[in-house]
Amino acid sequence: MLFKHIITTLCIGCMITPALTAKKKKEAEPEGYKFTTVIESPITSIKNQSSSGTCWCFSGLSFFESEILKNGYTDSLDLSEMFIVHNSYQEKAEKFVRLHGVLNFGQGSSFGNVLYGLKHYGIVPEWEMDGLNYGTDIHRHSELDGVLRAYLDVIVKNPNGTLSTAWKEGFKGILDAYLGECPETFTVNGKEYNPHTYMESLGINLDDYVDITSWTHRPFYEKMVIEVPDNWLWESSMNVPIDDLVAIIDNALENGYTVAWASDVSERGFNRDGLGIVPDYDALEIELKETGSDQARWIGAAKNDLYKKAFEAPCPELEITQEMRQEGYDNYQTTDDHGMQIFGIAHDQNGKKYYMVKNSWGDAGQYNGIWYVSEAFVRYKTMDILVNKNAIPADIKAKMNF
């Protein structure tokens, strides 16, 4: 009987142990971030800039596509990024040569470049110029960028002692070979357009847009040129306190507008899976010391453990000040990495606000090309925004002397 009792006890133990293990495993699963949409404005389809440094154009044109949709445009809408890129490269090359090569020449640029391009070059539909003339079905610009720079390096050396009359056409020929020639006329819905008349047909006033930034080394409520290498056009932005910049974003979204958003995404807090946050690692370490391993309790948590915990569930974030922003910019910790489009507001399961961001990395991340970015991240790492001036609150607009 004793042997039978021992066997029965062991069997019961075998049944209980897996159940307890499963329960512990379930309890240990990360809570995750759960978002509820509060405000959302229409956007066009997610695009993929792939291996090109042309986020500025993808996000800038995406912003203008939303502006066109807001004005009631109902036809299929997909504007050609590479039309703007092709024309911009030509102007950038001319300035590079005029400055004897002392200018940042690369794939990057600014929202101001998109606005300038629409005003000066017009626009064409994507199907008229997809820019894929070099044997791939995705954008790969490393070879193109290298060839263009090598060409210009020869020109600025001025080997003939005077610049030839052929160099601009030669440069354009490289762009034509890689990106295709810019269409002079085309047909949409049975009507013939050129790039300028097509732009006019889209129903927006290009004088309605203003670029806005926030730095303390220049006076507030005055225009300034953001001193970053990619601002080769030397376009100016209106400088405002960060509280005003965030108020402009919120007011725009609340009134059906979207915002073109340039930011630093090199931070670990901007992950590759759809989140942008500014974790307070000191607060997280205190939590881990209280609830984590014995090692964390006595000698502190490893950095990777803190980083992992920050993305397992909504975490405490740093309180961002104007001074923190400026320090990041002055010390090259905040740089002009990437352009995106803010098109909505969402709350997490704790009620905290996040901005809904359309990226140009295809359907990457768990939200298929959409990122959720906290207000703290926007306050900390925003380089500048482009917005319709009619979306700016009246009191802030008055300070800008519009």
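Residues numbered from 1 in each chain as written. Predicted model: local features only at pLDDT ≥ 70, side-chain atom pairs only at ≥ 80, totals over all residues. Heavy atoms only, no water.

For the overall build of the chain, give the residues involved together with the corresponding values.
The helix and strand inventory of the chain stands at 14 helices and twelve strands. At a minimum sequence separation of 6, the contacts of the chain that also span at least 24 residues come to 76%. Element-wise, carbon and sulfur atoms account for 51% of the exposed surface of the chain, whose accessible area totals about 19,500 Å². (Helix = DSSP H or I, 4+ residues; strand = E, 2+ residues; numbered from the N terminus. Contact = heavy atoms within 4.5 Å. Areas by Shrake-Rupley, 256 points an atom, 1.4 Å probe, with all protein chains shown as cover.)

Kindly report on the nonpolar core, identifying the contributing residues and their values.
Counting 59 residues, the largest nonpolar core has Phe64, Ile84, Leu118, Ile123, Phe171, Tyr198 and Leu202 as its most contacted members. Per-element tally for this core: the top contributor is helix α3 (residues 81–98), with eight residues. Sequence-distant contacts of Leu118, defined by excluding residues within four places in its chain, comprise Leu61, Phe64, Ile84, Ile123, Met199 and Leu206. Membership of the second largest hydrophobic core comes to 35 residues, among which are Ile249, Ala252, Leu253 and Ile345. (Core = buried A, V, L, I, M, F, W, Y, C linked by side-chain atoms within 4.5 Å. Buried < 20%, exposed > 50% of the residue type's maximum accessible area, 1.4 Å probe, protein only.)

Describe α3, with residues and values.
Relative to the 26 Å expected for 18 residues at 1.5 Å per residue, α3 spans 26 Å between its end C-alpha atoms, a close match to the ideal helical length. Across the 18 residues of α3, 14 count as buried, placing the element largely inside the fold. Where α3 begins, the capping side chain belongs to Ser80, and its oxygen is found 3.1 Å from the backbone nitrogen of Phe83. Note on α3: the residue one or two positions beyond its end, His100, has a positive phi of about 55 degrees. (Expected span 1.5 Å × (residues − 1). Polar contact = N/O pair within 3.5 Å; in protein donor to acceptor, adjacent residues only side chain to side chain.)

Please set out the environment of Pro125 residue by residue, giving values where relevant.
Position of Pro125 among the secondary structure elements: in the loop between α4 (111–120) and α5 (142–157). A relative accessible area of 0% means that Pro125 is categorised as buried. Separated by 48 residues in the primary sequence, Pro125 and Leu77 have C-alpha atoms spaced 7.5 Å apart. For Pro125, the contacting residues outside a window of four places in its chain are Asp78, Leu79, Ser80, Phe186, Val188 and Tyr198.

Please provide a residue-by-residue account of the state of the cysteines, values included.
For the coordinates displayed, the defined rule picks out zero disulfides. Cys55 supplies the cysteine sulfur nearest to Cys57, a cysteine that is in no disulfide, at a spacing of 9.7 Å. (Disulfide = S-S within 2.5 Å.)

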